[in-house]
Amino acid sequence: MSFLFVSKTHSRGGLNRPVLALAISVLTLSIAAAAFAQGSKTSIQSGQSNAQRLDVMRSKLEAMRRSLDSAIAAMNAQDTGGKKNPDDPRERLRGLDKEVGSVLSEVNDLHSKEDKSEKYDSSKLDTLEESVAELNPRVEAGLQATAGARKAGSETSSNYRPKPEKGKRRLFGLLPGKSGEKYAELLTGSAPGRDRELFTEATKEVRKGNHETGRLLFTTIITTYPDSAFLPMAKLAIADSFYLEGTTSSLIQAGQAYQDWLTYFPTDALTCDAMLKVAETEMRQMGLSDRDISHARKAEQRLKVMLQQCTKTALRPTAELGLREVQDNLAMHSLYIARFYGQKYITSKGVKGGLKGEQSRLQEIVDKYPNFCLMDEVLFRLGWTYQQEEEPDEAAKLFQELVRDHPNSDFVEKAKDQLNIIGAAIPEPDPIRKTMPPCEKPTFMQNMMQQITGNADVTTSRDGILITKHGEGNDLIDKALANNGTLPEGVQPVI
């Protein structure tokens, strides 16, 4: 539109220079604003630090590479005398492996710069994340498309032998190699019943704390046996292994893995359990109320969706408790901000300050979080803001609600004093509310420990859906194994 406007401003002496300059300035500012908005959107949506994003990308790429290397080694196709055969399924996988290696090299380079606090273009992270997201389905499709060739290759004799991996050769045949050789036959061959053996060994490794090895074995089932009855459980067990590992990077990947599983198996009996785990991955990353609340907002959203879709599940009490704790965290965050605005108004003696800011934050708590533990303080502060704005009727309603519904609050006497000043009636306390104890406040030591750790006070399970920390023999994964890869009807996880 700027160019159309300029084209109409010609005069006898040529183009009107001030108008041209103004049009160019407007166009430049609009382009810059669009670019800035796009960049801001990316950073807000991610909700993760650059180091965390790089860790997640590296883990995904390394998992892809291990799967591709295992699949290539499992193919016993005849060598072609040094000439590449485009019809050889290995060539397709090698091409993917080369692409994965290239992206992984770029990720490692940026990670090195991040560790050394060197400057780099942060927009490269977005490009790399897009590359990883684009590679993942291609790798999975390639592995599934070549699964038949791997099976056929294992049933025929061949002179082809994969090169031994670096660091796994035995010294003069005397010293043992690395532990990875234990599963060399399982990873490089395909045979009937081997998916069950892989599933059993993968479960053992995860229980031992060897999460990487367990995930490799579960992934082999997915890529080598696409029609296996163990495939749904293997995908879910991979998510469990990340969740059990418990590091920040692992929890991020656990949430994504559970979400992917829900995409593949939306009608499975364990759908509600997986939805709860997605929320719990966010809850375990939540910080205190005076810090970043992005994980709390995501957890609240996940729990609301789960409660909306899972109306008859036995997990509802657990989800409702989690939602209450998450919303307390969010409400406390708004209360911190309201206190700041209120103090700013007082120190500025009413000339300047954030009275409206305090009022909007307090009203948000009243509207969104009616069960907030410190609602008595919220009502008193909100009533006080209306008094400062000379709206006594609104203030009286809030003070009366405080006296009636929170009779054990420390703010009751102050609220009664304000009602006497306004000239409003003082209501009788609710008899049921009067017998309810006030909310428990953390002790000095508890508060200090929370400040040191920085973790929010929320209730979450540290166990996975199929695999728990101390449930060997009684876990769902044991029942699935005994039932040939599927859960018996009616069996649910221990809550």
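Cut-offs used in this document
- Residues numbered from 1 in each chain as written.
- Predicted model: local features only at pLDDT ≥ 70, side-chain atom pairs only at ≥ 80, totals over all residues.
- Heavy atoms only, no water.
- Helix = DSSP H or I, 4+ residues; strand = E, 2+ residues; numbered from the N terminus.
- Buried < 20%, exposed > 50% of the residue type's maximum accessible area, 1.4 Å probe, protein only.
- Contact = heavy atoms within 4.5 Å.
- Areas by Shrake-Rupley, 256 points an atom, 1.4 Å probe, with all protein chains shown as cover.
- Expected span 1.5 Å × (residues − 1).
- Salt bridge = Lys/Arg side-chain N within 4 Å of Asp/Glu carboxyl O.
- Disulfide = S-S within 2.5 Å.
- Patch = residues over 30% accessible without salt bridge, like charges linked within 9 Å, V, L, I, M, F, W, Y side chains within 5 Å.
- Polar contact = N/O pair within 3.5 Å; in protein donor to acceptor, adjacent residues only side chain to side chain.
- Phe/Tyr/Trp six-rings, centres within 6.5 Å; stacked < 30°, edge-to-face > 60°.
- pLDDT = per-residue confidence, 0-100.
- Axes fitted to C-alpha atoms, helices over the stretch in contact; angles between N-to-C directions.
- Parallel < 35°, antiparallel > 145°, perpendicular 65-115°, else oblique.
- Left-handed = near helix turned anticlockwise from the far one by under 90°.
- Nonpolar A, V, L, I, M, F, W, Y, C, P; charged D, E, K, R; others polar.
- Core = buried A, V, L, I, M, F, W, Y, C linked by side-chain atoms within 4.5 Å.

**Student:** Please set out the overall build of the chain residue by residue, giving values where relevant.
**Tutor:** The helix and strand inventory of the chain stands at 21 helices and two strands. Here the chain, with 495 residues, has 41% of them falling under the buried criterion. Here the contacts in the chain between residues at least 6 apart in sequence split such that 64% fall between residues at least 24 apart. Carbon together with sulfur atoms contributes 53% to the accessible area of the chain, which is approximately 28,200 Å² in total.

**Student:** Quick one: what's the story with helix α15 (residues 355-368), residue by residue and with numbers?
**Tutor:** Between its first and last C-alpha atoms α15 spans 20 Å; for 14 residues at 1.5 Å apiece the expected length is 20 Å, and the two agree. Listing the buried residues of α15 in full gives Leu355, Gly357, Glu358, Gln359, Leu362, Glu364 and Ile365. Buried residues along α15 sit in contact with α14 (316-347) and α16 (375-388).

**Student:** Account for the environment of Gly246, with residues named and values stated.
**Tutor:** Considering the arrangement of structural elements, one finds Gly246 in the loop between α10 (231-245) and α11 (248-264). Here Gly246 falls in the partly exposed class, since its relative accessible area comes to 25%. Between the alpha carbons of Gly246 and Asp463 there is a distance of 10.0 Å; along the sequence they are 217 residues apart. Those residues in contact with Gly246 that lie beyond four places of it in its chain are Leu251 and Arg284.

**Student:** Report on the pattern of salt bridges, specifying residues and quantitative values.
**Tutor:** Once their charged atoms are close, side chains differing in charge can pair, the charge on each being opposite to the other. Applying the stated criterion across every chain yields a total of 22 salt bridges. The partner of Glu129 in a salt bridge is Arg53, with the nearest N and O atoms 2.9 Å apart. In this pair, Glu129 is assigned in helix α5 (residues 123-145) and Arg53 in helix α3 (residues 50-74), connecting sequence segments 76 residues apart. On the basis of relative accessible area, Glu129 is assigned to the partly exposed category, the value being 28%. Via salt bridges that share partners, Arg339, Glu358, Glu377 and Arg381 belong to a single interconnected network.

**Student:** Lay out the environment of Asp290 with the relevant residues and their values.
**Tutor:** Here Asp290 is to be found in the loop between α12 (271-283) and α13 (294-309). With 164 residues separating them along the chain, Asp290 and Gly454 place their C-alpha atoms 9.7 Å apart. Apart from residues lying up to four places away in sequence, Asp290 is in contact with Tyr336 and Gln451.

**Student:** Lay out the state of the cysteines in plain terms, naming residues and giving numbers.
**Tutor:** One pass over the full model with this rule turns up one disulfide. The disulfide partner of Cys272 is Cys310, and the gap between their sulfur atoms is 2.2 Å. What sets the handedness of the Cys272 and Cys310 disulfide is the S-S torsion sign, and at about -105 degrees it is left-handed. With Cys272 in helix α12 and Cys310 in the loop between α13 and α14, this pair connects stretches of sequence that are 38 residues apart. Across this residue pair, the class does not change: Cys272 and Cys310 are buried.

**Student:** Could you give me a rundown of a nonpolar patch on the surface, with the residues and numbers involved?
**Tutor:** Among the surface-exposed residues, Phe444, Met445, Met448, Met449 and Ile452 lie close enough to one another that they form a single nonpolar patch of about 550 Å² accessible area. Tracing the backbone through its elements, the reader meets Ile452 in helix α20 (residues 444-453).

**Student:** Please provide a residue-by-residue account of the side chain of Ser289, values included.
**Tutor:** By the element assignment, Ser289 lies in the loop between α12 and α13. At a separation of 3.3 Å, a polar atom in the side chain of Ser289 contacts the main-chain carbonyl oxygen of Asn329.

**Student:** Describe the packing of aromatic side chains, with residues and values.
**Tutor:** Taken as a whole and judged by the stated rule, the model has nine aromatic pairs. Geometrically, the ring pair formed by Phe380 and Phe399 is tilted, given 5.6 Å between the ring centres and 50 degrees between the ring planes. Of the two residues, Phe380 sits in helix α16 while Phe399 sits in helix α17 (residues 392-405), which places them 19 residues apart along the sequence. Among the residues examined, Phe380 registers a relative accessible area of 14% and is labelled buried. On the numbers, 5.5 Å between centres and 35 degrees between planes, the contact of Phe380 with Phe411 is tilted. On the criterion of sequence distance, the pair formed by Phe380 in helix α16 and Phe411 in the loop between α17 and α18 (412-422) is long-range, its members being 31 residues apart. Of the two residues, Phe380 and Phe411, both sit in the buried class.

**Student:** Which residues make up the confidence of the model for the chain, and what are the values?
**Tutor:** Put simply, the chain has an average pLDDT of 79, and 77% of its residues get 70 or more. Mean pLDDT in the chain bottoms out at helix α1 (residues 2-7), which sits at 39, and peaks at α12, which reaches 95. Note on residues 18-46: pLDDT is under 50 here. Beyond four places in sequence and across chains, it has 13 contacts.

**Student:** Before we move on, can you summarise unusual backbone geometry with the specific residues and values?
**Tutor:** Negative phi is the rule for most residues except glycine; trans is the rule for most peptide bonds. Even without being glycine, Glu390 reaches a positive phi, approximately 60 degrees. Residue Glu390 is classed as exposed on the basis of its relative accessible area, which comes to 71%. With a phi angle near 60 degrees, Asn484 is a residue other than glycine that sits in the positive phi range.

**Student:** Before we move on, can you summarise the packing of α12 against α13 with the specific residues and values?
**Tutor:** Contact pair α12 / α13: the axes reach a minimum separation of 8 Å and the direction vectors enclose 165 degrees. It follows from the interaxial angle that α12 and α13 lie roughly antiparallel. Between α12 and α13 the crossing geometry is left-handed. Contact residues: Cys272, Met275, Leu276, Val278, Ala279, Glu282 and Met283 in α12; His295, Lys298, Ala299, Arg302, Leu303, Val305, Met306 and Gln309 in α13. Looking at the contact of α12 with α13, its residues break down into ten nonpolar, two polar and three charged.

**Student:** Help me get a handle on the nonpolar core, residues and values and all.
**Tutor:** Taken as a class, soluble globular proteins show a tendency for nonpolar side chains to be buried jointly. Phe199, Phe218, Tyr258, Leu270, Met306, Phe372 and Leu466 are the most contacted members of the largest nonpolar core, which has 84 residues in total. Counting residues per element, this core draws most heavily on α10, which supplies ten residues. Not counting residues up to four positions away in its chain, the partners in contact with Phe218 are Phe199, Ala202, Thr203, Val206, Ala234, Ala237, Ile238 and Ile477. Counting 21 residues, the second-largest nonpolar core is a separate cluster that includes Met64, Leu68, Val100 and Leu128.

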